[in-house]
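Examination of the molecular architecture
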Amino acid sequence: MRVLVSGGAGFIGSHTVVQLVAAGHDVLIVDHFGNSKPSVVNRLEALTGTHLPVHAFDLGDADKTEQLFSSEQIDAVIHFAGFKAVGESVEKPLEYYENNLGSTFSLVRAMRRHGVDKLVFSSSATVYGHNPSPLVEDMSTSATNPYGWTKVMIEQILRDVAVADPSLRIAILRYFNPVGAHASGTIGEDPQGIPNNLMPFIAQVAVGRREKLMVFGDDYPTADGTPLRDYIHVEDLAAGHLAALRKLTQTDEAVSTWNLGTGHGTSVLEVLHAFERAVGRELPYEVVGRRAGDIAQSFADPHRANAELGWAATRSMDDMCVDQWRWQSANPTGYPDA
Ligand code: WQD
């Protein structure tokens with residue numbers, strides 16, 4: 001199939017592009033490079049050995065999006081593009097709603113005008129709010145920040161659009177905590193500014209860009225007092241997208257929702273120690289107060305994806321750290337600017 005990947009220069013998008021090409025799909029990318037660098041595409045073309053057409057514009061521009069669908073043959077869309085920083089979304093709610101919802105409206109309208117009927121949407125475990133883990137797809141959804149609300153709202157919008165247009169086949173994928181990097185060490189996570197997320201922050205401590213890890217609280221009701229999360233290797237996550245895309249060519253379900261997680265939780269200190277094993281030395285940290293909004297546990301029940309997609313995460317926490325460290329140590333300041 002010819003697959004349009006929105007946000008294809010981003011962390012998960014780029015890893016999915018590599019696997020799509022390896023699986024024999026044609027890929028084109030749309031990315032406005034607001035949170036990624038054009039040099040990622042050079043790395044992707046080196047890894048895939050093929051030219052990757054890139055359309056550099058904001059999907060919120062309905063005219064340019066329409067022009068893209070008029071000029072390119074597209075069979076399916078994987079929609080990663082969106083703002084995703086929880087804290088920033090609290091400071092800039094209008095920008096988050098306008099960008100994340102507006103780009104989805106523009107994209108889905110163009111898909112419907114041009115008969116593109118398969119959509120894989122990048123959602124997040126954040127929509128589970130305060131539900132107890134293990135988290136199951138038919139649980140209620142809610143959010144505690146505008147970013148999370150954009151995911152809750154877009155999921156509902158897609159369910160409503162699928163009722164209006166029965167020809168559509170939509171996969172909603174709820175990611176847990178994506179980490180790691182491609183085994184080549186040439187693509188990986190490159191957050192702009194100070195990383196919000198745990199693993200890239202630890203990686204930057206290990207490579208000397210940050211002084212020490214601040215552990216946000218060790219007084220949670222867990223074995224070592226630090227919160228549990230379901231960390232999933234980005235390569236397993238990418239494979240889940242290909243499995244979902246394949247399922248959309250077979251299913252009669254208009255909208256399907258799947259957790260992409262490992263099914264078990266790892267604590268902050270366990271992640272830190274796994275990273276220390278990958279680096280081969282201890283890493284400095286300090287326990288400080290809790291971060292607002294954090295919950296004690298969040299991990300998936302992945303049984304539906306296992307059964308219906310024939311997919312399961314295979315890589316261990318040590319694999320995630322070894323691969324992330326290979327990327328970070330080979331690219332201490334991330335991707336080159338030019
Ligand atoms: C993991 C654990 C922190 C940084 C977030 C978003 C979610 C999704 C994934 C987009 C927590 C602790 C972290 C640090 C720390 N993003 N931590 N020191 O919060 O589970 O999920 O990213 O979809 O929407 O909410 O991930 O990596 O930020 O935190 O102690 O410097 O690490 O308290 O327990 P989180 P995270």
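That block above? That's the structure.
First, a word on scope: everything that follows refers to the structure included in this document.

1. A short note on the nonpolar core
In this structure, L20, V27, L44, L173 and L260 are the most contacted members of the largest nonpolar core, which totals 40 residues. Examining the composition of this core, we find that seven residues originate from one element, helix α8 (residues 234–248), more than from any other. Not counting chain neighbours up to four residues away, the residues in contact with V27 comprise V3, V5, V17, L20, V21, L52 and P53. The next biggest cluster of nonpolar side chains, apart from the first, holds 25 residues, and it includes L28, F69, M111 and L119.

2. Quick notes on the sheet that holds strand β11 (residues 255–260)
Pairing in this open sheet of seven strands is parallel, and the strands run β3-β2-β1-β4-β5-β6-β11 from one edge to the other. A strand with exactly one partner marks an edge of an open sheet, and here the two such strands are β3 (54–55) and β11. In this structure, strand β1 (residues 2–6) lies alongside strand β2 (residues 26–30), joined through five bridges in parallel fashion. Looking at the pairing, S6 lines up with V30 of β2. Sitting on the sheet, helix α6 (residues 146–164) touches β5 (118–124), β6 (169–175) and β11, and the angle it makes with β5 is about 155 degrees.

3. Re the packing of aromatic side chains
All chains considered together, the criterion is met by four aromatic pairs. When the centroid spacing of 6.3 Å and the interplanar angle of 25 degrees are considered together, the rings of Y128 and F176 count as stacked. Here the residue Y128 occupies a position in the loop between β5 and α6, and F176 occupies one in the loop between β6 and β7 (177–179), the gap between them amounting to 48 residues. When sorted by exposure, Y128 lands in the same class as F176, which is buried. Relative to W325, the ring of F275 lies with its centre 6.2 Å away and its plane at 75 degrees, an arrangement referred to as edge-to-face. Linking F275 in helix α9 (residues 268–279) with W325 in helix α11 (residues 317–330), this pair joins segments that are 50 residues apart in sequence. Overall, the relative accessible area of 16% leaves W325 in the buried class. Its end group placed over the ring of Y220, R290 keeps NZ or CZ at 3.9 Å from the ring centre.

4. A closer look at the site of the ligand
Taken together, 18 residues surround the ligand, and among them Y147, L198, M214, R229 and D294 come closest. In the environment of the ligand, an oxygen atom lies 3.0 Å from a nitrogen or oxygen atom belonging to the side chain of N177. Its free accessible area being 680 Å², the ligand has 88% of it covered by the protein chains. Top contributing element to the shell around the ligand by residue count: strand β8 (residues 213–216), with four residues. Of the residues that constitute the shell around the ligand, the class distribution is ten nonpolar, five polar and three charged.

5. Examining the side chain of Q328
Looking at where Q328 falls in the secondary structure, it is placed in helix α11. With relative accessibility at 4%, the residue Q328 sits in the buried group.

6. Here we look at the packing of helix α7 (residues 198–206) against α9
At their nearest, the axes of α7 and α9 sit 11 Å apart, and the two run at 40 degrees to each other. With respect to α9, the axis of α7 lies oblique. For the pair α7 and α9, the crossing hand works out as right-handed. Of the residues in α9, those in contact with L198, M199, I202, A203 and A206 of α7 are V268, V271, L272, F275 and V279. Tallied by class, residues from the contact of α7 with α9 come to ten nonpolar, no polar and no charged.

Rules and cut-offs
- Residues numbered from 1 in each chain as written.
- Predicted model: local features only at pLDDT ≥ 70, side-chain atom pairs only at ≥ 80, totals over all residues.
- Heavy atoms only, no water.
- Core = buried A, V, L, I, M, F, W, Y, C linked by side-chain atoms within 4.5 Å.
- Buried < 20%, exposed > 50% of the residue type's maximum accessible area, 1.4 Å probe, protein only.
- Helix = DSSP H or I, 4+ residues; strand = E, 2+ residues; numbered from the N terminus.
- Contact = heavy atoms within 4.5 Å.
- Pairing = 2+ DSSP bridges.
- Axes fitted to C-alpha atoms, helices over the stretch in contact; angles between N-to-C directions.
- Phe/Tyr/Trp six-rings, centres within 6.5 Å; stacked < 30°, edge-to-face > 60°.
- Lys NZ or Arg CZ within 6 Å of the ring centre and 35° of its normal.
- Near = heavy atom within 4 Å.
- Polar contact = N/O pair within 3.5 Å; in protein donor to acceptor, adjacent residues only side chain to side chain.
- Areas by Shrake-Rupley, 256 points an atom, 1.4 Å probe, with all protein chains shown as cover.
- Nonpolar A, V, L, I, M, F, W, Y, C, P; charged D, E, K, R; others polar.
- Parallel < 35°, antiparallel > 145°, perpendicular 65-115°, else oblique.
- Left-handed = near helix turned anticlockwise from the far one by under 90°.

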